[in-house]
Amino acid sequence: MNVLDVQNLTLSFGENNIFSNISFDIKDKEKVGFVGVNGVGKTSLFKIITGEYTPDSGNCFLSKNIKLGYMEQHTCSDSRTIWQELVSVFDDLIKTEHELENLSAQLSENPLKQLIEKQDYLTNEFNRNGGLTYKSMTRSALIGLGFNENDFDKPTSTLSGGQKSKLILAKLLLSKADFLLLDEPTNHLDISAIQWLEDFLKNFGGACLIISHDRYFLDKITDKTIELENKKMRSYKGNYSTFLKKKEAHQKAVEDKYENDIKEIERIEGIIAQQRQWNREKNIKTAESKEKVIERIKAQLVIPDSKIEKIRFDFTPKCVSGDDVLEVIGLKKSFGANTVFSDVSFNIKRGERVFLLGDNGCGKTTLLKILMGELSRDDGTFRFGASLMTGYFDQVQAKLDLSKTVIDEVWTSFPFMTETKVRNALAAFLFKGEDVFRRLEVCSGGERARVALLKLMLGGFNFLLLDEPTNHLDARSREELENTLLNYQGTMLIVSHDRYFINKLATRIIELTPGGCNNYLGNYDDYAEHRYISGEEKPVKSKPKVNDYKLKKERQSNFRKLNTLLKRLENEIEEIEMQISATEDKLNDAPYEELMRLTEELNELTQKRDELYEKWEETSLSIDDFGDLD
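Residues numbered from 1 in each chain as written. Predicted model: local features only at pLDDT ≥ 70, side-chain atom pairs only at ≥ 80, totals over all residues. Heavy atoms only, no water.

Remember that side chains alternate between the two faces of the sheet whenever the strand is regular. When you tally the buried positions in strand β8 (residues 224-229), you get six out of six residues, the bulk of the element. Summarising the sheet, strand β3 (residues 31-35) and β8 pair through four bridges and their orientation is parallel. Residue pairing for β8: valine 35 is matched across the bridge by glutamate 227. As judged from the six bridges shared by β8 and strand β9 (residues 232-237), these two strands associate in the antiparallel manner. Considered in β9, the bridge of leucine 228 is made with methionine 233. Taking the residues that link successive antiparallel strands as the turn, the β8-β9 hairpin has two residues, and the phi of asparagine 230 there is positive, at about 55 degrees. (Buried < 20%, exposed > 50% of the residue type's maximum accessible area, 1.4 Å probe, protein only. Helix = DSSP H or I, 4+ residues; strand = E, 2+ residues; numbered from the N terminus. Pairing = 2+ DSSP bridges.)

Written out as structure tokens, the structure is:
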């Protein structure tokens, strides 16, 4: 069954045509990634689906009885606490719960049959609609998205913009919608919160259409990908990585056929010219016949899409640094009574691509600012190596002068460059024509990020400190940045939540914790696998070389441990299911005064069962990842 059917949609704003005659459908339970460069109209399509925009032509049909959930439909009330705001999603259940409490009080004084029947009906409805689990779901969502229990009673008016976005996302996810429209849902989330969101969406029983530049997230969640490009829509079965391969194969096939068709037309045109030269009746008939062949080829000729312009990065360093690039010893930083981190020690060698990871608020940006001299340290020291030229990318672009134009911002930093060279550099970053004279204050976040990256590129630095460099970049630009940094001959220390980016570039990961830092060799997948198998946050000083036999034995040992854990979880789940069943039986015959106590007990058992199921699923997936051990 299709939950959404889009047929021949066209949308324009004035003379600007956004897209033309696009069609696609989404089936029940499908998780669909929606990709395309910034500005192609992805959010505009969402607003057509929600009814906010009216298309110029075409139709958009939502299945009957589908409840649509869209993040912008949910807002935060500043008069509530965080808990009250999120639990308000379950207002109907809360109302029923209050009715049951009132009925219980009435029945204790006057046990009328009519009241008993009403209580029985409401209890069944309450249980059927999730009344026993709504509190644990609310708590799980808040914890999963980075709030702690001390935050629950805080007023929403005290939240940052990012925290309010998280709360709105949580309301959407708990709204019992059948079809979710998610526009950049991983923005403002740290890695642990993104992983929670992934688990939620994997278990979500409805369909999703997800706009995202987070390619790792799309790979984990989606089973279909649609792309809006050149005002046209194409649909591909599979996640983001599968889409890239299929798109490349499709484009090559179209280009090869077009090239062959053009060559065939040119060959036939040569025959026609020759036949007309001879100018006999038979030759003229042959020429006319060949012209019809050309008409048939041209009628089915598919012209390849024009190539989307890409940012052209080049971070070539002006000089080579020494082998020792950075040494950090015992660094500590506090803000008032709050110690952000302490005893942070690590070193970086030339050529390393080191990523600094950790939960939001652990001090990653603070550490970079200390290294750049923008913040003072409370304790410890750090030392840069010889012949270093250090460039810093600030995720909020605080050093840009927003009163300047794009060209003036770049030219002021590099006054020795000619206007032609500055314009050429800006063109490589997709600023052309009148775009270069726009003031930065009216530019988008993505445009400002491109200006900051261009200034970084022109500096010729051999040590790059990058704070969330892929924020505001679309997937295509992220891939260009990745490929350039892979070939960069300098050294990097990068803060990022983009796991696809980390996976492609990282040679080492430093995990920042309140009491120091842990080192892990390898990329993000290596880091995640080690943390999961070890079950604790132990630093890995090095990745030892092992022979194939020893590696195989270690894998087999880890595989056996996971299987043992899986069996133990299955036994615990079976046992708790029996307890739930027994408690539910007691609920049916419970005296009125015991009803709420049993309900709370059942709520706790259900929460515990859900947590066991989540752990069971994670363990099963880890076992699947081992593949063939022979």
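Inspection of the entire model under this criterion finds 18 aromatic pairs. Taking 5.5 Å as the distance between ring centres and 45 degrees as the angle between the ring planes, the aromatic pair formed by phenylalanine 90 and tyrosine 134 counts as tilted. With phenylalanine 90 in the loop between α2 (82-87) and α3 (91-109) and tyrosine 134 in helix α5 (residues 134-144), the pair connects residues that are 44 residues apart, well separated along the chain. Neither residue differs from the other here; phenylalanine 90 and tyrosine 134 are each classed as buried. Judged by centre distance (6.3 Å) and plane angle (65 degrees), the rings of phenylalanine 384 and phenylalanine 463 are edge-to-face. With a gap of 79 residues between them, phenylalanine 384 in strand β13 (residues 379-384) and phenylalanine 463 in strand β15 (residues 463-467) connect regions that are remote in the sequence. Phenylalanine 384 gets classed as partly exposed once you look at its relative accessible area, which sits at 29%. When its relative accessible area of 0% is taken as the criterion, phenylalanine 463 is described as buried. The rings of Tyr216, Tyr520, Tyr524 and Tyr527 are connected pair by pair, giving a single aromatic cluster. Across from the ring centre of phenylalanine 431, 4.4 Å away, lies the NZ or CZ of arginine 450, which sits over that ring. (Phe/Tyr/Trp six-rings, centres within 6.5 Å; stacked < 30°, edge-to-face > 60°. Lys NZ or Arg CZ within 6 Å of the ring centre and 35° of its normal.)

Moving on to the packing of α3 against helix α4 (residues 113-128). Following both chains from N to C, one finds α3 and α4 inclined at 150 degrees, their axes separated by 10 Å at the closest point. Relative to α4, α3 is oriented roughly antiparallel. Considering only the axes of α3 and α4, their crossing is left-handed. Residues Leu93, Thr96, Glu97, Glu99, Leu100, Leu103, Ser104, Gln106 and Leu107 of α3 form the contact with α4, whose participating residues are Leu115, Ile116, Lys118, Gln119, Leu122, Thr123 and Phe126. For the contact of α3 with α4, the residue count by class is eight nonpolar, five polar and three charged. (Axes fitted to C-alpha atoms, helices over the stretch in contact; angles between N-to-C directions. Parallel < 35°, antiparallel > 145°, perpendicular 65-115°, else oblique. Left-handed = near helix turned anticlockwise from the far one by under 90°. Contact = heavy atoms within 4.5 Å. Nonpolar A, V, L, I, M, F, W, Y, C, P; charged D, E, K, R; others polar.)

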